[in-house]
Every structure is written in C-alpha cells, then in structure tokens.
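In case you want the letters, here they are:
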Amino acid sequence: MDAIKMIEATGVKKEHPDFKIGDTVRVGVRIREGKNERIQMFEGNVIAMKGSGVSKTFTVRRISYGVGIERVFPYNSANVDSIQVVRRGKVRRAKLYYLRDRVGKAAKVKEDI
C-alpha cells in the first residue's frame, strides 16, 4: 500500500481527454503476443468510474455478437495507449449498470448536443 501512496505523491499521470459517464469512447489497449506488441481498439459506453488519483478506473461496455462485454481499465495504466471520445452521452446517473438488463435500442444512451 505504501508503494501506491509513493506513486501518488510523485504525480505520475497520463494525459487523456476529459470524458464522463455515458460517453462512447475508443480505448487503444496494448496487447503483447510473444515478442510482438500491437494496439487493439475497444469501443463502447463508459458505464462506471471508480476511485481517484493513481487507482482510478473506468468500465467500458459494448455489445459484440449479441453478448455484452465489459472491460475495466485503469486510468493511468501503461497498457492504455490512447482514449478517444467518439460521442458525448446525456445521462442522469453516476453508474449505468441498468444497461446490462436492456436489449437493442433500449440499451442506447442519448447523445448530448
């Protein structure tokens, strides 16, 4: 636990765009396959953000072939290469866990204009 506090004190932070709950983001993740390294994009809705400082995480949900997939990304991870905001969402909740029970158009988030 002291190592995390030491890292927080040094202020190691990455520069990412400002995004919030409900936004659709495209996250570039570094994937290592043996000696090779590539960047894989994961696009979906941000349904939760937890923590603060170095231990801040965000959860991205997308539907792939009719199955919901959620990934939790550490905000300051070295494996997170880039974050792009595709579109802004208009929501009134801090956590969008209710989207897990919705199917089709009901699972969409309104766009913030």
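Because the structure is predicted, anything quoted here is derived from the model rather than measured. (Residues numbered from 1 in each chain as written. Predicted model: local features only at pLDDT ≥ 70, side-chain atom pairs only at ≥ 80, totals over all residues. Heavy atoms only, no water.)

A. How the structure looks around the environment of Ala-78. Topologically, Ala-78 is positioned in the loop between strand S4 (67–74) and strand S5 (80–87). Taking the C-alpha atoms as reference points, Ala-78 and Val-29, separated by 49 residues in sequence, lie 9.1 Å from one another. Excluding its chain neighbours within four sequence positions, the residues that come into contact with Ala-78 are Lys-14 and Arg-30. (Helix = DSSP H or I, 4+ residues; strand = E, 2+ residues; numbered from the N terminus. Contact = heavy atoms within 4.5 Å.)

B. Geometry of the nonpolar core. Of all hydrophobic cores here, the largest spans 19 residues; its most connected members are Phe-19, Val-25, Val-27, Val-46, Phe-58, Val-60 and Phe-73. Breaking this core down by element, the ones donating at least two residues are strand S1 (24–33), strand S2 (36–50), strand S3 (57–64) and S5. When residues in this core are grouped by element, the largest group, five residues, is from S2. The contact partners of Phe-19, leaving out residues within four places of it in the chain, are Val-25, Val-46, Met-49, Phe-58, Tyr-75, Ile-83, Val-85 and Arg-88. (Core = buried A, V, L, I, M, F, W, Y, C linked by side-chain atoms within 4.5 Å. Buried < 20%, exposed > 50% of the residue type's maximum accessible area, 1.4 Å probe, protein only.)

C. Representation of the packing of aromatic side chains within the structure. What the rule picks out here adds up to five aromatic pairs. With 5.0 Å between their ring centres and 70° between their planes, Phe-19 and Phe-58 make a pair best called edge-to-face. Of the two residues, Phe-19 sits in the loop between helix H1 (2–10) and S1 while Phe-58 sits in strand S3, which places them 39 residues apart along the sequence. With respect to burial, Phe-19 and Phe-58 carry one shared label: buried. A centroid spacing of 5.6 Å and a plane angle of 35° characterise the contact between Phe-58 and Phe-73, whose relative ring orientation is tilted. Of the two residues, Phe-58 is situated in strand S3 and Phe-73 in strand S4; the sequence distance between them amounts to 15 residues. One exposure class covers both Phe-58 and Phe-73, and it is buried. If you follow Lys-56 out to its NZ or CZ, it ends over the ring of Tyr-75, 4.8 Å from the centre. Geometry around Phe-42 places Arg-71 over its ring, the cationic atom sitting 5.6 Å from the centre. (Phe/Tyr/Trp six-rings, centres within 6.5 Å; stacked < 30°, edge-to-face > 60°. Lys NZ or Arg CZ within 6 Å of the ring centre and 35° of its normal.)

D. Broad picture of the pattern of salt bridges. What the rule picks out here adds up to nine salt bridges. Glu-43 serves as the salt-bridge partner of Arg-26, at 3.0 Å between the closest nitrogen and oxygen. Linking Arg-26 in strand S1 with Glu-43 in strand S2, this pair joins segments that are 17 residues apart in sequence. Several salt bridges converge on common partners, so that one network encompasses Arg-30, Arg-32, Glu-37 and Asp-81. (Salt bridge = Lys/Arg side-chain N within 4 Å of Asp/Glu carboxyl O.)

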